[in-house]
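# Summary of the model geometry
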Amino acid sequence: MTGAVVLFGGMIETHLMQYRLVFIQRSERYSPNSVDKDAAILHAVAERMTRQGYEVLVVSEDEQPFPSASAYISMGRHAATLQYLSGQQQQGRLVVNKPEAVHLCCHRISLTEVLKRAGVSVAPEEGSHGYWLKRADGVAEKQGDVRYAADRQACADMLQQMKRQGMAQVQVSAHVPGDVVKFYGVRGTPFFFYCYPADDGNTKFGDELQNGVSRHYPFSAEALHQAADKAAQAVDIEVYGGDCIVRPDGSFAIIDFNDWPSFSRCREQAAEAIARRIKNLME
């Protein structure tokens, strides 16, 4: 529904009249192969807030200036969007997710340093199973923003190629053999969900296939939830998701941490948790 403005109306209780929530839908350029999924989770949360009596407006981040609001619930990633929301936040308005947290999630090198300082296990820089090169001056928008190199020489050659193609910053990390596990969470709530993308083939660019079929190595889901919560606390983000590799011995390394994913495998549960978190933050 890019470009559409949708007003969820109905009877609004008098004590909630002061609360106008503007939901900002992510621009298509930041939703590669996920435009409908990203829109679906935002609208699912908006509908729940409407049912609770709030006045809700859903807009695209491509349609600035944004309407005035008591709070902004945003999936946006445009620099202009983040700048606007930062100004609203400074004026005391609630913004979910915080613009500085979104900016950090879009800059992998800085993000990784923050996670390391927080004691979160991440992929090592060196290894013997190849390397991943990831565009670090923004999120992956297209095929080729994330690439695999079989060895150090191929990595060096690919790094130069990516820089010649205009990628100012590229993060290099070692490939970690094991199961790719996606996880989703909402800070301040018990909601946490994980799954194996190789099991259903639901993937943006197919990079997860480098790890092969899932072997479902035993690991502690509670420990992963704790690590994800620690990452969310360090980044200061409310709605998040990510990817990790579970090694054969059950240890894991977080290889990606994102601001507000699509939650397509757990949309209804996630929407309930996000709506609950927003309501709690407004109280």
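Here, the structure is the one placed above.
Now for a description of the structure that goes with this document. Every chain is numbered on its own, with residues counted from 1 as its sequence reads. It should be noted that, the model being predicted, local features are given only for residues of pLDDT at least 70 and side-chain atom pairs only at 80 or more, the latter also being counted only at that level, while totals for whole chains, interfaces and linings use all residues. Only hydrogens and water are removed before side-chain values are computed, so all heavy atoms of the structure are retained for them.

## Some points on the pairing of strand β4 (residues 71-74)
- Because side chains alternate across β4, one face comprises the buried residues A71 and I73, and the other comprises Y72 and S74, equally buried.
- Pairing between β4 and strand β5 (residues 94-96): 3 bridges, direction parallel. Looking at β5, one finds that I73 is bridged to V96.
- Of the crossover connections in this fold, the one passing from β4 over helix α2 (residues 79-90) to the parallel β5 is right-handed. Only protein chains enter the area calculation, which uses a 1.4 Å probe; residues under 20% of their type maximum are buried, those over 50% are exposed, and those in between are partly exposed. A run of H or I in DSSP becomes a helix once it reaches four residues, and a run of E becomes a strand once it reaches two; helices and strands are each numbered from the N terminus. What makes two strands pair is DSSP finding at least two bridges between them. Crossover handedness is defined here as right-handed if the route from the first strand over the helix to the second strand goes clockwise, with the strands pointing away from the viewer.

## With respect to the packing of helix α1 (residues 35-51) against helix α8 (residues 267-282)
- Two numbers describe how α1 lies on α8: the axes approach to 9 Å, and their chain directions differ by 50°. Considering their axes alone, α1 and α8 lie oblique with respect to each other. Judged by the twist between their axes, the crossing of α1 over α8 is right-handed. The segment α1 lies against α8, with K37, A40, I41, A44, V45, R48 and M49 engaging R267, E268, A270, A271, E272, I274, A275, I278, K279 and M282.
- Split by residue class, the contact of α1 with α8 holds 11 nonpolar, no polar and 6 charged. Helix axes use the C-alpha atoms of the stretch in contact, all axes being lines fitted to C-alpha atoms, and the angles between their N-to-C directions lie in the range 0 to 180 degrees. Comment on the angle field: the value is read as roughly parallel under 35 degrees, roughly antiparallel over 145, roughly perpendicular from 65 to 115, and oblique elsewhere. Put simply, a crossing is left-handed when the front helix is turned counterclockwise from the back one by less than a right angle, and right-handed when it is turned clockwise. Any two residues whose heavy atoms approach within 4.5 Å are treated as being in contact. Any residue outside Ala, Val, Leu, Ile, Met, Phe, Trp, Tyr, Cys, Pro, Asp, Glu, Lys and Arg is labelled polar, Gly included; the first ten of those are nonpolar and the last four are charged.

## A short note on the packing of aromatic side chains
- Only the six-membered ring of Trp is used, alongside the rings of Phe and Tyr, when aromatic pairs are assigned; centres must lie within 6.5 Å, and planes under 30 degrees apart are stacked while those over 60 apart are edge-to-face, with the rest tilted. Applying the stated criterion to the full structure yields 11 aromatic pairs.
- Between F191 and F263 the ring centres are 6.2 Å apart and the planes differ by 55°, which places this aromatic pair in the tilted class. With F191 in the loop between β9 (179-186) and β10 (192-195) and F263 in the loop between β12 (252-259) and α8, this residue pair connects regions lying 72 residues apart in the sequence.
- Criterion for a charge above a ring: Arg CZ or Lys NZ at most 6 Å from the ring centre, at most 35 degrees from the ring normal. Here R152 stacks its cationic end above the ring of Y131, 4.3 Å away from the centre of that ring.

## Topic: the side chain of R26
- Inspection of the secondary structure puts R26 in the loop between β2 (20-25) and α1.
- A polar contact of 3.3 Å, which involves the side chain of R26, links it to the side chain of D38.
- Counted as a polar contact is a pair of N or O atoms within 3.5 Å, where, for protein atoms, one must be capable of donating a hydrogen and the other of accepting one, and residues adjacent in sequence contribute only when both atoms are in side chains. From its side chain, R26 meets the backbone oxygen of M75 in a polar contact 2.8 Å long.

## Remarks on the nonpolar core
- F23, I41, V45, M49, W260, F263 and I274 are the most contacted members of the largest nonpolar core, which totals 30 residues.
- For this core, the elements supplying multiple residues, two or more each, are β2, α1, β3 (55-60), β4, β9 and α8.
- Leave out the neighbours within four places in its chain, and F23 touches L42, V45, A46, M49, V56, L57, V58, V59 and I73. Nine residue types can take part in a nonpolar core, namely buried Ala, Val, Leu, Ile, Met, Phe, Trp, Tyr and Cys, and a core is a set of them joined through side-chain atoms within 4.5 Å.

## What to know about the sheet that holds β12
- In spatial order, the strands read β10-β9-β11-β12; together these 4 strands make up an open sheet with antiparallel pairing. In the strand order of this sheet, the two ends are held by β10 and β12, each with one partner. Averaged over all pairs of adjacent strands, the angle between their axes in this sheet comes to 20°, without regard to strand direction.
- Packed onto the sheet, helix α7 (residues 221-235) meets β9, β10, β11 (239-246) and β12 and runs at close to 45° relative to β12.

## A closer look at the pairing of strand β6 (residues 131-135)
- Burial runs high along β6: 5 of the 5 residues are buried.
- Across 4 bridges, β6 lies against strand β7 (residues 146-149) in antiparallel orientation. Across the sheet, residue W132 finds its bridge partner in β7, namely Y148.
- Here β6 runs beside strand β8 (residues 170-174); their pairing, made up of 5 bridges, is antiparallel. Within β8, the residue paired with K134 across the bridge is Q171.

## Details of the state of the cysteines
- For the purposes of this analysis, a disulfide is any pair of cysteine sulfur atoms at a distance within 2.5 Å. Here the structure, examined in full by the defined rule, presents 0 disulfides.
- Left without a disulfide partner, C195 is nearest to the cysteine sulfur of C266, which lies 7.3 Å away.

## A word on the pattern of salt bridges
- A pair is scored as a salt bridge if a Lys or Arg side-chain nitrogen falls within 4 Å of a carboxyl oxygen belonging to Asp or Glu. Tallying each qualifying case throughout the model produces 17 salt bridges.
- One salt bridge connects R152 with E126, and the closest N-O pair in it is separated by 2.7 Å. With a gap of 26 residues between them, R152 in helix α5 (residues 152-164) and E126 in the loop between α4 (108-117) and β6 connect regions that are remote in the sequence.
- Here R152 falls in the partly exposed class, since its relative accessible area comes to 38%.
- For the salt bridge of E238 with R277, the shortest nitrogen-to-oxygen distance reads 2.7 Å. Taken as a pair, E238 in the loop between α7 and β11 and R277 in helix α8 lie far apart in primary sequence, 39 residues in all.
- One network of salt bridges, with partners in common, ties together K98, R187, D236, E238 and R277.

## Overview of the sheet that holds β8
- Across the sheet, which stays open at both edges, the 3 strands sit in the order β7-β6-β8 with antiparallel pairing between neighbours. Unpaired on one side and paired on the other, β7 and β8 mark the two borders of the sheet. Strand-to-strand twist across the sheet, computed as the mean angle between neighbouring axes with direction ignored, equals 20°.

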